[in-house]
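# Chains, contacts and geometry: an overview
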Amino acid sequence: MDGTNLSGKAVGQPIKRVDGILKVTGRARYAGDFIVPGMLFGRCLRSPHPSARIVAIDTAKAKALPGVRAVLTGADVPDTLYGRMCKDVPVLAKGIARFVGEKVAAVAADTLEIAETALELIDVQYEALPAVFTAEEAMQPSAPVVHPEPVELLPGAAAGIHGELKMYPPIPNVISQLNIGHGDVASVLASAHKIFEHRFAVPAVHQGYIEPHTCLISVGTDGLVDVWIANKGPHIARGHMAAALGLAENRIRFNPVVIGGDFGGKGSLMDTLLCYHLACAAGRPVKMVMNSFEELTAGNPRHSADITFRTGVDRDAKLLAIEARVIFNAGAYAGFVPVPTLHGGYGELAGTYRVPNCAIEVLRVYTNTVPRGHMRAPGAPQVAFAVESHIDMIAREMGIDPVEMRRRNAITDGDLTPLGDKRKQLRCLETIDAGARAFGWDKPKAAGVGRGISIYEHPPGNFGRSTVALTIGADGRIVIQLGSPDTGTGFHTIAGQLVAEHFGASPDEVDVTQGDTLTSGFEAGASGQRLTTTIGQAIAAAADKMKQELTTLAAERLNCAPVDIRMGDDGSFSAAGNTIDRRTLMSWAATRGRAPLSCQGENKPGPTDRTSFAAHFAEVAVDRETGQVRLRRIVTAHDIGTIVNPITHQGQIEGGLIQAVGQAMTEQIVLKDGAVITAHLGDYKLPTVMDIPILETVLLPGGGGAAPFATTAIGEMSNVAVPAAITNAVFDAVGVRLVALPISAEKVLDGLSKKAGIA
Amino acid sequence: MRTIKLTLNGSPISREVEDSRLLVEFLREDLKLTGTKESCGVGVCGACTVLLDGKPVSACLALAVHADGCAVTTIEGIAEGDRLHPLQEAFLAHGGFQCGICTPGQILAAKALLDAKPHPTRAEIQDWMMGNLCRCTGYYKIIESIAAAAGVE
């Protein structure tokens, strides 16, 4: 299964997506498309204050409105707090509201219109309390404390983290403090040839999925709770829901739905618990859909970050020591994040470089602002922007070409990452060179045109449980049952291709299904570019068992011992000159009551020394009169393994890249007095089809991933480090260094004016 | 309440609707045609794009009564039985979608273009599709799909 002996029918082929016809005909059913008899519409009232005591809530008028079936406030719901790691999120605010947009009351009514009208009839009296908005202010001794009560943690906070982790240390509002590193940074910095200190800021951005958070809950007369929810990991979500409600997991059924984009934002329960309580109070099913205003003001966007570096280099600009600190603003609740600290925030803070001495500190801090959650490669885009800008600034200040700076310091095969993880078969230099060649790094350029580079390394996720079930019926067709939705990445299609490859079959002979949480095996879902690897392992394990069963059957049919059976590349079974294909074999098995055959397989999570690597090159043109930056061209170069499906592989590259372009050029959640004021898709600017640069992708195949058929991950590779390539290009064009995202004409013009002033 | 008469995906229908009923609610809730998606609700994202007498409109901004006397085309109405529309075939073959939530709107917007101008340039395709957001694809394969359906380079 090393990817060198493929059938040519399945893995590597541009197969059309298994969910394709449903999606192009409008028949794919997303959570919002489900309607159950008697269904009500749920809406919630949100706090207009960043920090306030709820003095009184009068719901009498709302309750009296015809068509209203239930009205709930904090007093009507249990005290249980929800969290994927830190349990701090109430179902509805109880006594205190901690951000503008926090839910304080909710209504279920016959129509959406009645529910909205009822919200206007609820009278809430608030007493404003002191509030704090920036992480820096929140850590001051005099700062208002956002969560004065101790927060309960799910066990296993420090699992997988090899540093010193303190949860809720004695610093005001700090959720977690992680210190990690090696060597002797202080003394190396003291004797370094030069020291560089830089500071960067990255704002919160929204995941930008086009399908808003949606849930529909129906509580059956037998107590079985049916859930239709836009959630990427139904098995994990069911566990959290059961724990929060005190129900057995098998009394909750998450039904299969299609997900309209995730990008990390659809792993939490969001309104699910509230929707359940409304359904119970009304005695009817309830559907809740967040509108786009709520998504932007009260969703769970990416953490904003403040990042500082102190780095020492030798005369040749080789990195000697990095001291780095990142402070993440977590907003009012930590419960949307399933980990104690953002892994990318420390794991990738010192980049893809040989750093013999390293001291990293990562803090997550509560403020009275919108709670932050997970967005693709959590923590990594923020710190990658910072470190790839920082390295560029060092190169420029030392008069070294930015590509040469990376070549000089990038880790190569057998090196350790800055945190001491081993990496094998890493082709950083080859990938940088291939990208630079395709880009024309050394070619002459016009005035006002600039070029920049950034690099990024990230291993495939080999964590979390993946379970699959295979069934072969009397007709020889193979069914794979998966336990989580395809959030859009194409993983259902890839699963079908991997299954087909194991049996020498065409993907047409495989049916890909998703079970509900009562019938399917556990699947942790999309996360950390893991699925191709983890599903690949689970499928290989199930296929091995299935092949043994088929071999036993074939031996019986061909009157020989199982050891004499050979499985051919086309999936047929042979012994002593006799051959039988799978379909004929299963048809025969059916006459003996031996079909269908079913086998389960599970992955084997563990550390990996294989990784994925990318180098990005951007070209911009800057208008010196207006400061306007036009992104003209990007070359993205990738060290890859076996491609399972070239269409979905390239789709991942292009989609991730344009999200990064959004983060670089236009996207920003803007806060004013703690409230999100980019509350409309006209103000929060997602990239449109007019904003995309000319794109060239360079692939270096043969990298040899660790997963079956030598596949590896592509998911986050074109996304994370791209913004720094663009800001580095702006510096190259006009000498203006942008240390805060997004790029704006104002910032560039301001930089040009300051330069002119100095000159 | 008033009665509206329209041609929906080629078939005449007549329905009573509230004056304030949005076209997207009329399609999704009253007619159970959930292929039309609602996202931003303010006419920015294009997910709810349907055709009214061949012209693309945001069904989240239009009232159902606006459709009175019109031909309304939704994603459910562009294939002929099992035979997909060339745009649907092209989006499938060229990977013009991932999660699929914006796809009905993308395909209908593109159909309006190709019905009016069967062989647009890539620049014309790009300009026309500006009103339909997609967060998954980065748009490259959407342009490629539309160009392929139109048979242009």
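It should be emphasised that the depicted structure is a prediction, and the values quoted were computed from it without experimental measurement.

### Focus on the nonpolar core
Core analysis: the biggest nonpolar cluster contains 79 residues, and Ile307(A), Phe309(A), Ile360(A) and Phe617(A) have the highest contact counts within it. Ranked by residues supplied to this core, first place goes to helix H10 (residues 380-397) of chain A with 8 residues. The contacts of Ile360(A), once residues within four sequence positions are left out, are Leu178(A), Asn179(A), Ile180(A), Ala324(A), Tyr346(A), Leu349(A), Ala350(A) and Leu419(A). By size, the runner-up hydrophobic cluster in this structure holds 77 residues, among which are Phe263(A), Val661(A), Met665(A) and Leu92(B).

### So, the interface of chain A and chain B
With 51 residues of chain A at the contact, the number on the chain B side is 45 residues. Buried surface at the junction of chain A and chain B, summed over both partners, amounts to about 3900 Å²; 64% is from carbon and sulfur atoms. Sorting the residues of chain A by area buried against chain B places Val24(A), Ile210(A) and Val689(A) first, and these three jointly supply 19% of that buried surface. Where chain A touches chain B, the interface holds 5 salt bridges. A salt bridge links Arg135(B) to Glu667(A); the shortest N-O distance between them is 2.7 Å. At the surface where chain A touches chain B, the tally comes to 21 residue pairs in polar contact (both at pLDDT 80 or more). Contributions of two or more residues to the side of chain A that touches chain B are made by helix H1 (20-25) and helix H16 (646-665) of chain A.

### Some thoughts on the confidence of the model for chain B
If pLDDT is low for a region, its predicted coordinates should not be looked at in detail. Chain-level statistics for chain B give a pLDDT mean of 97 and a share of 100% at 70 or above. With pTM at 0.97, the complex prediction returns an ipTM value of 0.99.

### Structural notes on the pattern of salt bridges
The final tally for this structure, using the stated rule, is 56 salt bridges over all chains. The partner of Arg17(A) in a salt bridge is Asp19(A), and the shortest N-O contact between them spans 3.0 Å. For the pair Arg17(A) and Asp19(A), one class covers both residues: buried. Between Asp19(B) and Arg2(B) there is a salt bridge whose closest N-O contact spans 3.1 Å. Here Arg2(B) lies in strand E1 (residues 2-8) and Asp19(B) lies in the loop between strand E2 (11-17) and helix H1 (23-30), a separation of 17 residues in the sequence.

### Here's the deal with the sheet that holds strand E25 (residues 566-567) of chain A
Residues and elements named next belong to chain A. Across the sheet, which stays open at both edges, the 3 strands sit in the order E25-E26-E27 with antiparallel pairing between neighbours. Looking along the sheet, the strands with just one partner apiece sit at the ends: E25 and strand E27 (578-580). Inspection of the sheet shows strand E26 (residues 573-575) paired to E27 by 3 bridges, in the antiparallel sense. Residue pairing in the sheet places Ala575 in a bridge with Asn578 of E27.

### Details of the sheet that holds E1(B)
Residues and elements named next belong to chain B. The 5 strands are arranged E2-E1-E5-E3-E4 in an open sheet whose pairing can be described as mixed. Both outer strands of the open sheet, E2 and strand E4 (55-58), are each paired with one neighbouring strand and no more. Taking the axes of each pair of neighbouring strands and ignoring which way they run, one obtains an average angle of 40° across the sheet. As defined by bridge partners, strand E3 (residues 49-52) adjoins E4 across 4 bridges and the pair is classed as antiparallel. Its bridge partner lying in E4, Leu52 is registered against Lys55. Lying on the sheet, H1 is in contact with E1, E2, E3, E4 and strand E5 (71-73); it crosses E2 at an angle near 105°. Strands E3, E4 and E5 of the sheet are contacted by helix H3 (residues 103-116), whose axis makes an angle of about 35° with E3.

### Description of the packing of aromatic side chains
Residue and element names in this part refer to chain A. Per the counting criterion, the structure on display carries 8 aromatic pairs over all chains. Ring geometry for Phe200 against Phe385: centres 6.0 Å apart, planes inclined by 80°, an arrangement best described as edge-to-face. Pair noted here: Phe200 is in strand E13 (residues 194-202) and Phe385 is in helix H10, with a separation of 185 residues, a long-range link. The residues Phe200 and Phe385 share a single accessibility class, namely buried.

### Observations regarding unusual backbone geometry
Residues and elements named next belong to chain A. Omega for the peptide link from Ala595 to Pro596 comes to 0°, which places this bond in the cis form. You can see Pro596 is positioned in the loop between helix H15 (582-591) and strand E28 (597-602). With an omega of -10°, the peptide bond between Leu741 and Pro742 qualifies as cis. Among the structural elements, Pro742 can be located in the loop between helix H17 (722-734) and helix H18 (745-758). One non-glycine residue, Ala317, lies in positive phi territory at about 65°. Looking at the element boundaries, Ala317 is found in the loop between strand E18 (304-313) and strand E19 (319-331). Here the phi dihedral of Ala710 falls at roughly 60°; this positive angle occurs in a residue that is not glycine. Relative to the elements of secondary structure, Ala710 occurs in the loop between strand E33 (694-700) and H17.

Rules behind the numbers
Residues numbered from 1 in each chain as written. Chains lettered and ligands numbered in written order. Predicted model: local features only at pLDDT ≥ 70, side-chain atom pairs only at ≥ 80, totals over all residues. Heavy atoms only, no water. Core = buried A, V, L, I, M, F, W, Y, C linked by side-chain atoms within 4.5 Å. Buried < 20%, exposed > 50% of the residue type's maximum accessible area, 1.4 Å probe, protein only. Helix = DSSP H or I, 4+ residues; strand = E, 2+ residues; numbered from the N terminus. Contact = heavy atoms within 4.5 Å. Buried area = accessible area lost by both parts, 1.4 Å probe. Salt bridge = Lys/Arg side-chain N within 4 Å of Asp/Glu carboxyl O. Polar contact = N/O pair within 3.5 Å; in protein donor to acceptor, adjacent residues only side chain to side chain. pLDDT = per-residue confidence, 0-100. Pairing = 2+ DSSP bridges. Axes fitted to C-alpha atoms, helices over the stretch in contact; angles between N-to-C directions. Phe/Tyr/Trp six-rings, centres within 6.5 Å; stacked < 30°, edge-to-face > 60°.

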